[in-house]
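# Tertiary structure, described
What follows is each chain in one-letter form.
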Amino acid sequence: MKTIAQIAAELQGYDPQALSADQVLAFLERLVQPVTATEEVGIFDALGRVLAHDVVSPLSVPPHDNSAMDGYAFAGTQLLAGQPLTLRVVGTALAGKACTGTVGAGECLKIMTGAIMPPGLDTVVPQEFTTTTADGRITIAANVLQLGDNRRFKGEDLMEGSVALAQGELLTPAALGLVASLGLKTITVYRRLRVAYFSTGDEILSLGEPPREGAVYDSNRYTMFGLLTRLGAEMIDLGVVRDEPALLEAVFRDAAQRADAVITSGGVSVGEADHTRTMMKQLGDVAFWRIAMRPGRPMAVGRIARSGLQAKNASIADAASNSPHQKDDEKDRPGAILFGLPGNPVAVMVTFLAFVRPALLRMMGSTRPAPPLLRAVSTEAIRKKPGRTEYQRGTVTTAHDGTLQVRTTGNQGSGVLSSMVQANGLIVLHHGQGNVAPGDAVDVMVFDGVI
Ligand code: AMP
Ligand code: MG
């Protein structure tokens, strides 16, 4: 487990006051480790979980050569170029039943989709390519079929003994089906990540509190709930925490005890007259960054150790270590990773998507690479200063000629959450990039499938 200072020393040109987005990602990759504890779950509970072991196929899928169509199976060597072929139907092969009997030259079997290909037969003519003669034989027109057509091979989906799904894969709907196709009822996944969240700031109201001048309702907590739930993490909701050292200390300690990661919003800007930063510094090994990005910029990152907690709060720690489940968790959780995000609602989402999400995925054990950014043509000019990464809310649409185009959604203020609702992606204007002219292609991180 590396300290913040050790990781910083490894990174070329590390300057906490001017980090690029790439440096932040490189830093976080060194800071966070995948959990190790696993659990076995049924397929219905496995969606979005991360596979903890390779799944080796115990059988071949499909288990036999079989027909891809409803039609007639026969030996394809009888097909001659430019000539029709007439065959006598000597039996029927149904799906799910082994076929007995032999089929000779000039003969065929009526066969259903999925039925086992009888020995010696290699070609299926779909029903609609045939005509029936007066004496009940079938005729295949010339040149409509080739030897081997409409035959599925044994193991063409998966061969027995091969790796069907690799460790670290996120279980998608297709993956669930694949697991079931192997006859497996359960699957071993990494344990679910627990992420504690609380909002800070004395001006933040919880729902149910009456409005008061200068105060705003806490939206970050609900946005974060959505983001974490979509990711498949369990959110431990610690509410809004007032700016009092004793309260902050208690909630940080509680969060570090219970969670793999602690996310906060607010109170990390330089000018903040609050105790959040002080408490982070006091309880953890934490770096305070200014990131060359917009929106966003201030962010605190580090680790809140659990050992300190055990010393000060022995009874809780003892109780926890009596449970075998907790013990297992402790081994893979030397401390809770802290992500202190800025308070502005859009900045929270952007910093989450750009940095926290990839880090949490790594902690979940996922090895899936980040989804590729889309290229879309900007329909408008966008002002952009080189030397920082900008994330503009955008709407991607398909133009008449089929190309993707994107425009920004209105007011880009970092508190304007409605623009985030309208957007279907973030236009990512990279560190070195300058102004965008209408017609220029830009990168877009689309939300669909992500949030
Ligand atoms: P801060 O980073 O604490 O300076 O907050 C920046 C802005 O975001 C301020 O206008 C805050 O009122 C607002 N803000 C902070 N936390 C929240 C929250 N949980 N929900 C909604 N707005 C917030
Ligand atoms: Mg504040």
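Before any of the text, the structure's been laid out above.
For the structure given in this document, a descriptive report is provided here. (Residues numbered from 1 in each chain as written. Chains lettered and ligands numbered in written order. Predicted model: local features only at pLDDT ≥ 70, side-chain atom pairs only at ≥ 80, totals over all residues. Heavy atoms only, no water.)

It is worth spelling out the overall build of the protein at this point. Each helix and strand counted, the protein has 11 helices and 26 strands in total. When its C-alpha atoms are laid out on the principal axes, the protein stretches across 95 × 60 × 50 Å. Here the protein holds 451 residues, and the buried ones make up 46% of them. Relative to all contacts within the protein whose residues are 6 or more apart in sequence, the contacts with residues 24 or more apart total 72%. (Helix = DSSP H or I, 4+ residues; strand = E, 2+ residues; numbered from the N terminus. Buried < 20%, exposed > 50% of the residue type's maximum accessible area, 1.4 Å probe, protein only. Contact = heavy atoms within 4.5 Å.)

A few words now on unusual backbone geometry. In this model, valine 61 is joined to proline 62 through a cis peptide bond whose omega is -10 degrees. Mapping proline 62 onto the fold places it in the loop between strand 2 (55–56) and strand 3 (66–67). For the bond running from arginine 294 to proline 295, omega is -5 degrees, close enough to zero to count as cis. Mapped onto the elements of the fold, proline 295 is located in the loop between strand 19 (293–294) and strand 20 (298–305). We note that asparagine 150 has phi near 60 degrees; this positive angle belongs to a residue other than glycine. Within the secondary structure, asparagine 150 sits in the loop between strand 9 (138–140) and strand 10 (151–152). Phi is positive for arginine 297, which is not a glycine, with a value near 85 degrees. Structurally, the position occupied by arginine 297 is in the loop between strand 19 and strand 20. Arginine 297 gets classed as partly exposed once you look at its relative accessible area, which sits at 39%.

It is worth spelling out the pattern of salt bridges at this point. Across all of its chains, the model carries 14 salt bridges by this definition. For aspartate 135, the salt bridge identified is with arginine 137, shortest N-O distance 3.1 Å. Residue classification places aspartate 135 among the exposed residues on the basis of a relative accessible area of 52%. Judged by relative accessible area, arginine 137 falls into the partly exposed class, the value being 34%. Of the charged contacts, one joins arginine 375 and aspartate 443 as a salt bridge, the two residues approaching to 3.2 Å between their closest N and O atoms. One end of the pair, arginine 375, is in strand 22 (residues 374–378); the other, aspartate 443, is in strand 26 (residues 441–446), with 68 residues separating them in the sequence. Relative accessible area serves as the criterion here: at 15%, aspartate 443 is assigned to the buried category. (Salt bridge = Lys/Arg side-chain N within 4 Å of Asp/Glu carboxyl O.)

With that out of the way, let us pick up the nonpolar core. Core analysis: the biggest nonpolar cluster contains 57 residues, and Ile263, Phe339, Phe352, Phe355 and Leu360 have the highest contact counts within it. Counting residues per element, this core draws most heavily on helix 10 (residues 345–363), which supplies 13 residues. Split by domain, this core shows at least three residues from each of two domains, domain 1 (4–37 + 191–363) and domain 4 (374–446). Every residue in contact with phenylalanine 352, bar those within four places of it in the chain, is listed here: Met224, Leu227, Leu228, Leu231, Ile263, Arg357, Pro358 and Leu360. The next biggest cluster of nonpolar side chains, apart from the first, holds 22 residues, and it includes Phe198, Leu238, Val262 and Leu283. (Core = buried A, V, L, I, M, F, W, Y, C linked by side-chain atoms within 4.5 Å. Domains from an automatic or database assignment.)

Before going further, it helps to examine the side chain of glutamine 392. Within the fold, glutamine 392 resides in strand 23 (residues 389–398). When its relative accessible area of 12% is taken as the criterion, glutamine 392 is described as buried. A distance of 3.4 Å separates a polar atom in the side chain of glutamine 392 from a polar atom in the side chain of glutamate 390. Setting aside its immediate chain neighbours within four residues, glutamine 392 contacts Ile382, Arg383, Thr408, Gln412, Gly425, Leu426, Ile427 and Leu429. (Polar contact = N/O pair within 3.5 Å; in protein donor to acceptor, adjacent residues only side chain to side chain.)

So, about the packing of helix 2 (residues 21–31) against helix 10. The contact between helix 2 and helix 10 brings their axes to 10 Å, and the two run at 25 degrees. By the angle class used here, helix 2 and helix 10 are roughly parallel. In this structure, helix 2 crosses over helix 10, and the sense of that crossing is right-handed. The segment helix 2 lies against helix 10, with Ala21, Val24, Leu25, Leu28 and Glu29 engaging Ala354, Phe355, Pro358, Ala359 and Arg362. Considering only residue class, the contact of helix 2 with helix 10 consists of 8 nonpolar, no polar and 2 charged. (Axes fitted to C-alpha atoms, helices over the stretch in contact; angles between N-to-C directions. Parallel < 35°, antiparallel > 145°, perpendicular 65-115°, else oblique. Left-handed = near helix turned anticlockwise from the far one by under 90°. Nonpolar A, V, L, I, M, F, W, Y, C, P; charged D, E, K, R; others polar.)

We now examine the side chain of arginine 191. For arginine 191, the location among the structural elements is in the loop between strand 12 (186–190) and strand 13 (194–200). Assessed through its relative accessible area of 5%, arginine 191 is described here as buried. Among the polar contacts made by the side chain of arginine 191, one reaches the side chain of aspartate 260 at a distance of 2.6 Å.

Moving on to the pairing of strand 21 (residues 335–341). Burial analysis of strand 21 places 7 of its 7 residues in the buried class, which makes it a mostly covered element. Sheet topology places strand 17 (residues 261–265) next to strand 21; 5 bridges connect them, and they run parallel. Looking at the pairing, threonine 264 lines up with glycine 340 of strand 21. (Pairing = 2+ DSSP bridges.)

Strands sit in the order 16-13-17-21-20-18 across an open sheet of 6 strands; the sheet is mixed. Two strands in the sheet have a free side with no partner beyond their single neighbour: strand 16 (234–241) and strand 18 (284–290). Within the sheet, the average angular offset between the axes of one strand and its neighbour, ignoring direction, is 15 degrees. Lying over the sheet, helix 2 contacts strand 18, strand 20 and strand 21, oriented at roughly 10 degrees with respect to strand 20. Here helix 6 (residues 276–283) sits on the sheet in contact with strand 13, strand 17, strand 18, strand 20 and strand 21, set at roughly 135 degrees to strand 18.

On to the sheet that holds strand 4 (residues 71–74), then. Across the sheet, which stays open at both edges, the 6 strands sit in the order 7-4-6-5-9-8 with mixed pairing between neighbours. Looking at strand neighbours, the two that pair on one side only are strand 7 (123–126) and strand 8 (130–132), the edges of this open sheet. When the angles between neighbouring strand axes are averaged without regard to direction, this sheet yields 40 degrees. Relative to strand 6 (residues 107–111), strand 4 runs antiparallel, the two being bridged by 3 bridges. Note on strand 6: the bridge partner recorded for tyrosine 72 is lysine 110.

Function cannot be inferred from these measures alone, as they are strictly geometric.
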